[in-house]
Amino acid sequence: PGDRPCPRSYPRSCMKCGQGSAVLVIRLGDPFCRDCFREYFVHKFRAMLGKNRVIFPGEKVLVAVSGGAASSAMLRQVQEGLSREAAKKLRFVPSLVYVDEGAVRRQTPAQREETLARMETLLQATGFPYHLAHLEEALELPPSILQPGPGGSGEPGPSYKEAVDGFIQQQRQDRDGGTALPGLGTQDTPAGPPAAPRLPTAARTQELLRLFEAVETTTAREELLQMLRTHLILQTARTRGYTKVMTGESCTRVAIKLLTNLALGRGAFLAVDTGFVDDRHGDVLVVRPMREYTAKEIAFYNHFFDVPTVIVPPLLTKRREKPSIHRLTESFLLGLQEDFPSTVSTVYRTGEKLSPAPAKASSESERCLLCLCALDIEGGEWGRQWGGLRGVLCQPWGHHTVTTEGPCPHRAESKAAFIPLLCYGCRLTFKELVRLWGAPELLPLGMGVSIPMAPLLQGPLATLPPYVRAEAQRR
């Protein structure tokens with residue numbers, strides 16, 4: 001009896017077909033053979049798109065590819081869904097975008113060029129048009145990127161059924177007339193041999209590095225990187241006429257982000273930060289079709305079906321343990337997942353019950369400058385300090401005056417001027433984005449009343465992206 005193998009070591013039959021031998025167990029009682037696992041994986045992706053009915057037939061969709069496991073698996077699903085052999089073909093027109101973040105991830109120019117060349121080869125092999133962007137380009141974004149587009153305020157468009165009928169009719173007309181559906185944008189790179197990658201100038205790279213070096217914590221750097229990446233992808237979509245952006249967050253990543261954003265004070269906006277649809281930008285919707293796949297499912301799919309990936313190093317940090325709230329939450333959640341396999345799915349399903357209503361802003365004065373969600377500050381410490389202060393804070397330091405006679409030309413260069421424009425979560429992050437040396441501890445308001453300078457008034461703000469400063473000064 002002691003030599004008998006464990007019953008779990010015997011080959012198990014596939015739970016779906018009952019004939020093939022299982023090659024993996026997704027959950028405790030869900031063994032799949034290779035073919036059934038592939039069918040399951042493909043069906044889940046198309047069911048997610050079909051159930052939500054957000055992407056209409058013939059619509060231009062920008063697929064954001066980072067080279068990681070989730071986005072690469074998503075790209076493979078788009079490829080197979082648009083192939084002629086697909087039983088139920090996807091009907092949108094895709095284009096790809098990759099954002100090079102090698103500068104802030106401390107890659108050398110040679111390493112960046114190698115990564116870009118590998119990514120361009122991967123994108124070119126799909127046959128779709130693609131666009132390569134560098135994070136340095138975010139420094140040249142227009143201030144309008146912080147304003148929602150006109151999409152949400154226009155007249156209601158056609159229903160999904162009307163769009164499908166129109167698409168089928170257009171296909172028939174194109175087939176009869178010998179024309180094809182629109183594919184390439186005028187500024188997209190066609191699927192041809194990859195060209196030699198071009199890096200931004202050294203001056204631009206140094207400017208970006210100064211921006212990140214001025215950030216006090218790794219948590220704030222992660223948030224800054226995410227903001228710049230999102231805005232750069234959004235600008236790419238707007239300038240090239242794409243109304244949808246598809247990103248590759250997995251179920252595991254969504255669960256981690258949900259708990260992370262709770263810790264960062266963004267609990268009111270979890271539904272738009274982690275939901276299937278993010279419509280805060282108005283004219284461009286961000287959709288997350290991979291949000292029901294666990295990291296385990298994605299890893300097995302990429303392994304079994306040879307999905308190529310390109311891995312880049314994480315943000316540089318001097319702390320090996322607990323470098324940021326993001327990584328601490330990830331370590332905590334994945335550690336629980338090892339002993340309790342339902343941890344990630346439980347957190348994910350809890351987030352599904354949240355409503356996006358608290359994130360809606362009815363006017364510009366009620367909208368956060370950075371995340372475009374509603375201002376969720378109506379009182380508390382921030383409200384008491386700034387609600388009754390109608391004056392204007394002037395700079396430079398040592399010249400603090402409060403006046404009620406209109407805006408001072410230096411006001412937009414003060415960190416205090418930014419505070420009323422931000423939601424609670426962005427305020428917590430914003431105070432770590434810039435630092436000040438030699439600032440006074442208290443700000444005198446007269447009549448013996450003073451308020452603490454830190455953490456409200458830290459600067460200088462020259463380290464902030466130019467488009468953020470420009471939009472803040474306009475507002």
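From a predicted model like this one, the values you see are computed outputs, not experimental measurements.

J.: Would you mind going over the sheet that holds strand β3 (residues 60-64) with me for this structure?
T.: Remark on secondary structure: sheet strands pair via backbone hydrogen bonds, oriented parallel or antiparallel. The 6 strands lie next to each other as β5-β4-β3-β6-β8-β7, forming an open sheet whose pairing is mixed. Looking along the sheet, the strands with just one partner apiece sit at the ends: β5 (130-134) and β7 (277-278).

J.: I keep staring at helix α7 (residues 251-263) and nothing clicks. Help me out?
T.: Compared with the 18 Å implied by 1.5 Å per residue over 13 residues, the 19 Å span of α7 between its first and last C-alpha is a close match. When α7 is considered as a whole, its buried residues turn out to be C251, T252, V254, A255, I256, K257, L258, T260 and N261. G265, located one to two residues past α7, shows a positive phi value of around 85 degrees.

J.: Got a minute to help me understand helix α2 (residues 69-82) in this structure?
T.: Structurally, the α-helix is built with 3.6 residues per turn, so residues lying three or four positions apart point the same way. For α2, which comprises 14 residues, the first-to-last C-alpha distance of 20 Å matches the rise-based estimate of 20 Å (1.5 Å per residue) to within 8%. Within α2, 11 of the 14 residues are buried, which leaves it mostly tucked inside the rest of the structure. Among the residues of α2, A70, S71, S72, A73, M74, L75, R76, Q77, V78, E80 and G81 are the ones counted as buried. On its buried side, α2 packs onto α1 (34-52), β3, β4 (93-100), α3 (109-125), β6 (244-246) and α9 (295-304).

J.: How do you make sense of the nonpolar core when you look at a structure like this?
T.: Soluble globular proteins tend to pack their nonpolar side chains together in the buried interior. Ranked by internal contacts, the top residues of the largest apolar core, which has 52 residues, are L208, L228 and L369. In terms of residue count, helix α6 (residues 218-239) provides more of this core than any other element does, 9 residues in total.

J.: Is there a simple way to think about the confidence of the model for the protein in this case?
T.: Detailed reading of the predicted coordinates is not advisable wherever pLDDT falls low. Mean pLDDT over the protein stands at 79; residues scoring 70 or higher make up 72%. Here residues 179-187 is a poorly scored stretch, pLDDT under 50, and it has 11 contacts once near neighbours within four places are set aside; other chains count. Segment residues 436-447: pLDDT under 50, and 29 contacts once partners within four positions in sequence are set aside and those in other chains are kept.

J.: I would appreciate a short explanation of the pairing of β5 in the present structure.
T.: Sheet faces and side chains relate simply in a regular strand, where the side chains alternate between the two faces. Counting buried residues in β5 gives 4 out of 5 residues, a clear majority hidden from the surface. Bridge count for β4 against β5 is 5 bridges, and the pairing is parallel. Looking at β5, one finds that L96 is bridged to Y130.

J.: Just checking my understanding: could you explain the side chain of K44 for this structure?
T.: Tracing the backbone shows K44 in helix α1. Among the polar contacts listed, one links the side chain of K44 to the side chain of Y40, at a separation of 2.7 Å. Among the polar contacts listed, one links the side chain of K44 to the backbone oxygen of E292, at a separation of 3.1 Å. Those residues in contact with K44, other than ones at most four positions away along the chain, are E292, Y293 and E297.

The rules behind each value
- Residues numbered from 1 in each chain as written.
- Predicted model: local features only at pLDDT ≥ 70, side-chain atom pairs only at ≥ 80, totals over all residues.
- Heavy atoms only, no water.
- Pairing = 2+ DSSP bridges.
- Helix = DSSP H or I, 4+ residues; strand = E, 2+ residues; numbered from the N terminus.
- Expected span 1.5 Å × (residues − 1).
- Buried < 20%, exposed > 50% of the residue type's maximum accessible area, 1.4 Å probe, protein only.
- Contact = heavy atoms within 4.5 Å.
- Core = buried A, V, L, I, M, F, W, Y, C linked by side-chain atoms within 4.5 Å.
- pLDDT = per-residue confidence, 0-100.
- Polar contact = N/O pair within 3.5 Å; in protein donor to acceptor, adjacent residues only side chain to side chain.

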